[in-house]
Amino acid sequence: QVQLVESGGGLVQAGDSLRLSCAASGRAIISYAMGWFRQVPGEEREFVSTISSGGGVTYYAASVKGRFTISRDNAKNTVYLQMNSLKPEDTAVYYCAAASAGTWKGNERGSFNYWGQGTQVTVSS
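Residues numbered from 1 in each chain as written. Predicted model: local features only at pLDDT ≥ 70, side-chain atom pairs only at ≥ 80, totals over all residues. Heavy atoms only, no water.

A.B. asks: Looking at this structure, how should I read the pattern of salt bridges?
C.D. replies: When their charged atoms lie close together, side chains carrying opposite charge are able to pair. Applying the stated rule across the entire model yields three salt bridges. Put simply, Glu46 and Arg38 hold a salt bridge, and the shortest N to O gap is 2.6 Å. According to the relative accessible area criterion, Glu46 is partly exposed, its value standing at 38%. Owing to a relative accessible area of 6%, Arg38 belongs among the buried residues under this scheme. Note that Asp90 is salt-bridged to Arg67, the shortest N-O span being 2.8 Å. Placement of the pair is Asp90 in the loop between strand E8 (78-83) and strand E9 (92-100) and Arg67 in the loop between strand E6 (58-60) and strand E7 (68-73), with a sequence separation of 23 residues. Residue Asp90 shares its accessibility class with Arg67, and that shared class is buried. (Salt bridge = Lys/Arg side-chain N within 4 Å of Asp/Glu carboxyl O. Buried < 20%, exposed > 50% of the residue type's maximum accessible area, 1.4 Å probe, protein only. Helix = DSSP H or I, 4+ residues; strand = E, 2+ residues; numbered from the N terminus.)

Here it is in C-alpha cells:
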C-alpha cells in the first residue's frame, strides 16, 4: 500500500504561483508513476500532469502546459507540482496519485491505484 498526503494548497490571486507537494509513505515511489489530478464540485476528476517512475517522461493537460511543472524526488519519496501564472479556472481540489508500473497509461485516471485526500487551491481574480 502507498499512502499519499498532499500539501501546499491555499488561496492566491491570479498570476501567483504555488507549489504542491505529495509525500508518500508505505512504499518507495521509485517504481511508481505519479500524477496530479484536480476536481471541481459537480465535475469529474480531470488529469493535470503525470510523470514516469524515473522522471524521464511527463504529460500535461493542454490547459496547464507551459505553466505547471511536475517533478519528483525519489530519495525524498515526494512528488511536486509547481504551478505558475495561476488562473481562476485552476481553482479545484488537487489530488496526488500513484500508478504501478504495470498499470500506468499516461494520463488515464483509471490506471492510478492510489490516491491522496486532496488539497484545495483557490485562485481569485
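A.B. asks: How should I be thinking about the state of the cysteines in this particular structure?
C.D. replies: Covalently bonding the sulfur atom of one cysteine to the sulfur atom of another cysteine gives a disulfide. Inspection of every chain in the model, using the stated rule, returns one disulfide. A sulfur-sulfur separation of 2.0 Å characterises the disulfide bridge that pairs Cys22 with Cys96. One quick way to see it: the torsion about the S-S bond of Cys22 and Cys96 is about -80°, and its sign makes the bridge left-handed. In this pair, Cys22 sits in strand E3 (residues 18-25) while Cys96 sits in strand E9, placing the two residues 74 residues apart along the sequence. Look at Cys22 and you get buried, because its relative accessible area is 0%. (Disulfide = S-S within 2.5 Å.)

A.B. asks: Please explain the sheet that holds E3 as it appears in this structure.
C.D. replies: Sheet strands associate in pairs through backbone hydrogen bonding, adopting either a parallel or an antiparallel arrangement. Strand order in the open sheet made by the four strands is E1-E3-E8-E7, with antiparallel pairing throughout. The sheet is open, and its two borders are formed by strand E1 (3-7) and E7, each paired with just one other strand. Geometrically, the sheet is characterised by an average inter-axis angle of 15° between neighbouring strands, direction not taken into account. (Pairing = 2+ DSSP bridges. Axes fitted to C-alpha atoms, helices over the stretch in contact; angles between N-to-C directions.)

A.B. asks: Please explain the environment of Trp104 as it appears in this structure.
C.D. replies: Assignment of secondary structure puts Trp104 in the loop between E9 and strand E10 (114-115). Linking Trp104 and Tyr32, residues 72 residues apart in sequence, is a C-alpha distance of 8.3 Å. Of note is the side chain of Trp104, whose polar atom sits 2.8 Å from the backbone oxygen of Gly106. (Polar contact = N/O pair within 3.5 Å; in protein donor to acceptor, adjacent residues only side chain to side chain.)

A.B. asks: Just to check I follow, could you spell out unusual backbone geometry for this structure?
C.D. replies: For residues that are not glycine, phi is negative in most cases, and the peptide bond is trans in most cases. The phi dihedral of Asn77 falls on the positive side, at around 55°, and the residue is not glycine. You can see Asn77 is positioned in the loop between E7 and E8.

A.B. asks: Would you mind showing me how to read the packing of aromatic side chains here?
C.D. replies: For any two aromatic rings, the description comes down to two numbers: the centre-to-centre distance and the angle of the planes. One pass over the full model with this rule turns up six aromatic pairs. Ring geometry for Phe37 and Phe112: centres 5.1 Å apart, planes at 75°, overall edge-to-face. Taken together, the residues Phe37 in strand E4 (residues 32-39) and Phe112 in the loop between E9 and E10 connect sequence positions 75 residues apart. Since its relative accessible area comes to 0%, Phe37 is described here as buried. Ring geometry for Tyr59 versus Trp104: centroids 5.9 Å apart, planes at 65°, classification edge-to-face. Note that Tyr59 is positioned in strand E6 and Trp104 in the loop between E9 and E10, a separation of 45 residues in sequence. Take Tyr59: its relative accessible area is 38%, and that puts it in the partly exposed class. Clustering of aromatic rings is evident, with ring pairs tying together Phe37, Phe47, Phe112 and Trp115. (Phe/Tyr/Trp six-rings, centres within 6.5 Å; stacked < 30°, edge-to-face > 60°.)

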